[in-house]
Amino acid sequence: MGRLGFGEAAFSDNRLQITRWSELMVVERNTNSKFNAAAKTDSSVTADYGGNSDWRNQNPSVFRMKIVKTLKGEFQVTNGYGPDKAPQVMRNSYIVEDDFRFMSQNGLNAVRIPVGLWIKYDQTPPKPFVGGSLQALDNAFTLAQKHNMKVIVDLHAVPGSQNGNEQSGTRDGYLEWGDSNKDETVSVIDFLAERYCRHPSLAAIELMNEPDASGVTFDNLRKYYKAGCDAVRKQTSSAYVILSNRLGKASNTEFPFTCR
């Protein structure tokens, strides 16, 4: 969905669909109904079209919609396929043992694996994400150990998105991570550190991938990095902790500290 003039509306009911009339968008209850769903506020969608002939011009169920970005990340994949089909699409054999064998035989000794915040809630992840990522990461650790490789666990998608890109798990292309998300983000790091701190293949935990300076402030990121370091060190003193610099208008030396 896009952003509406008065807010946002998300439609999960499969009886709703969006159709185009000229340059306007119409949200319809279903194709056989005379009633249309009107997004009156950012949290209320009602069907109140009464059938007057000039409804396209006056009825609030017709509105201009702007699609902010065309995203193809995990949020869009799982939201598009839905809770029944999405697990079938996401739980595949894309990474298999032959990949680890190939890397090891060709001189690679470590692999960086991106994960999303929903890995902490793997059995009942926040919608629309689906479970399975924790099992996949467990399997990767097993294969890495078998082939004498190390694993860098990278928290690639954080609550609210740290850069607005599709690989950050964003819903609509907006960067919304901030100080209010710090504790939840730290809890994911704590979960990962506790789960894998004693595994011989753990090399490092990366606290966040590519935060964007346009929306992530130095002060908020500094506080999070300090808390994230503490969470890892509570579990292990041997794993490295990786701090990603901010993208954009930010100095590449603005974090002159290490996680000890």
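Read on for an overview of the structure.

About the criteria used
Residues numbered from 1 in each chain as written. Predicted model: local features only at pLDDT ≥ 70, side-chain atom pairs only at ≥ 80, totals over all residues. Heavy atoms only, no water. Helix = DSSP H or I, 4+ residues; strand = E, 2+ residues; numbered from the N terminus. Buried < 20%, exposed > 50% of the residue type's maximum accessible area, 1.4 Å probe, protein only. Areas by Shrake-Rupley, 256 points an atom, 1.4 Å probe, with all protein chains shown as cover. Axes fitted to C-alpha atoms, helices over the stretch in contact; angles between N-to-C directions. Parallel < 35°, antiparallel > 145°, perpendicular 65-115°, else oblique. Left-handed = near helix turned anticlockwise from the far one by under 90°. Contact = heavy atoms within 4.5 Å. Nonpolar A, V, L, I, M, F, W, Y, C, P; charged D, E, K, R; others polar. Core = buried A, V, L, I, M, F, W, Y, C linked by side-chain atoms within 4.5 Å. Pairing = 2+ DSSP bridges. Right-handed = clockwise from strand over helix to strand, strands pointing away. Phe/Tyr/Trp six-rings, centres within 6.5 Å; stacked < 30°, edge-to-face > 60°.

1. Re the overall build of the chain
Assigned secondary structure in the chain consists of six helices and 11 strands. Each of the 260 residues in the chain was classed as buried or not, and the buried ones make up 43%. When the accessible surface of the chain is summed, it comes to about 14700 Å², and 47% of that surface belongs to carbon and sulfur atoms.

2. Let's talk about the environment of Asp84
Tracing the backbone shows Asp84 in helix α2 (residues 74–90). Asp84 sits in the exposed class, given a relative accessible area of 67%.

3. Concerning the packing of helix α4 (residues 133–146) against helix α5 (residues 182–196)
Where α4 meets α5, the axes come as close as 12 Å, and the angle between the chain directions of the two elements is 40 degrees. Between α4 and α5, the crossing angle belongs to the class labelled oblique. Like other packed secondary-structure pairs, α4 and α5 cross with a definite hand, here right-handed. Across from Leu134, Leu137, Asp138 and Phe141 in α4, the residues of α5 making contact are Phe191, Leu192, Arg195 and Tyr196. Of the residues in the contact of α4 with α5, the class split is six nonpolar, no polar and two charged.

4. Quick notes on the nonpolar core
Counting residues in each nonpolar core, the largest one holds 44 residues, and the members touching the most others are Leu137, Leu207 and Tyr224. Looking at this core, the elements with two or more residues in it are α3 (97–105), β8 (110–116), α4, β9 (150–157), α5, β10 (202–206) and α6 (218–235). Those residues in contact with Tyr224 that lie beyond four places of it in its chain are Leu155, Trp177, Lys182, Thr185, Val186, Ile189, Leu207 and Met208.

5. Regarding the environment of Cys229
By the element assignment, Cys229 lies in helix α6. Each C-alpha atom, one on Cys229 and one on Asp190, is 9.4 Å from the other, the two residues being 39 residues apart in sequence. Once residues lying within four places of it in the same chain are set aside, the contact partners of Cys229 are Leu207, Val241, Leu243 and Cys259.

6. Some remarks on the pairing of β10
When you tally the buried positions in β10, you get five out of five residues, the bulk of the element. Of the pairings in the sheet, the one linking β9 to β10 comprises four bridges and is parallel in character. Counted as the bridge partner of Asp154 is Glu206 from β10. For the crossover from β9 across α5 to β10, the handedness is right-handed. Examined bridge by bridge, β10 and strand β11 (residues 240–242) share three bridges and lie parallel to one another. In the strand pairing of β11, Ile205 is matched with Val241. On the question of chirality, the crossover connecting β10 to the parallel β11 by way of α6 is right-handed.

7. Focus on the packing of aromatic side chains
Taken as a whole and judged by the stated rule, the model has seven aromatic pairs. Where Trp118 meets Phe129, the ring centres are 3.7 Å apart and the plane angle is 10 degrees; that geometry is what we call stacked. Of the two residues, Trp118 is situated in the loop between β8 and α4 and Phe129 in the loop between β8 and α4; the sequence distance between them amounts to 11 residues. You'll find Trp118 and Phe129 in the same group, each marked buried. Ring pairing ties together the aromatic residues Trp177, Phe218, Tyr224, Tyr225 and Phe255, which thus form one cluster.

In short, geometric facts, not functional conclusions.
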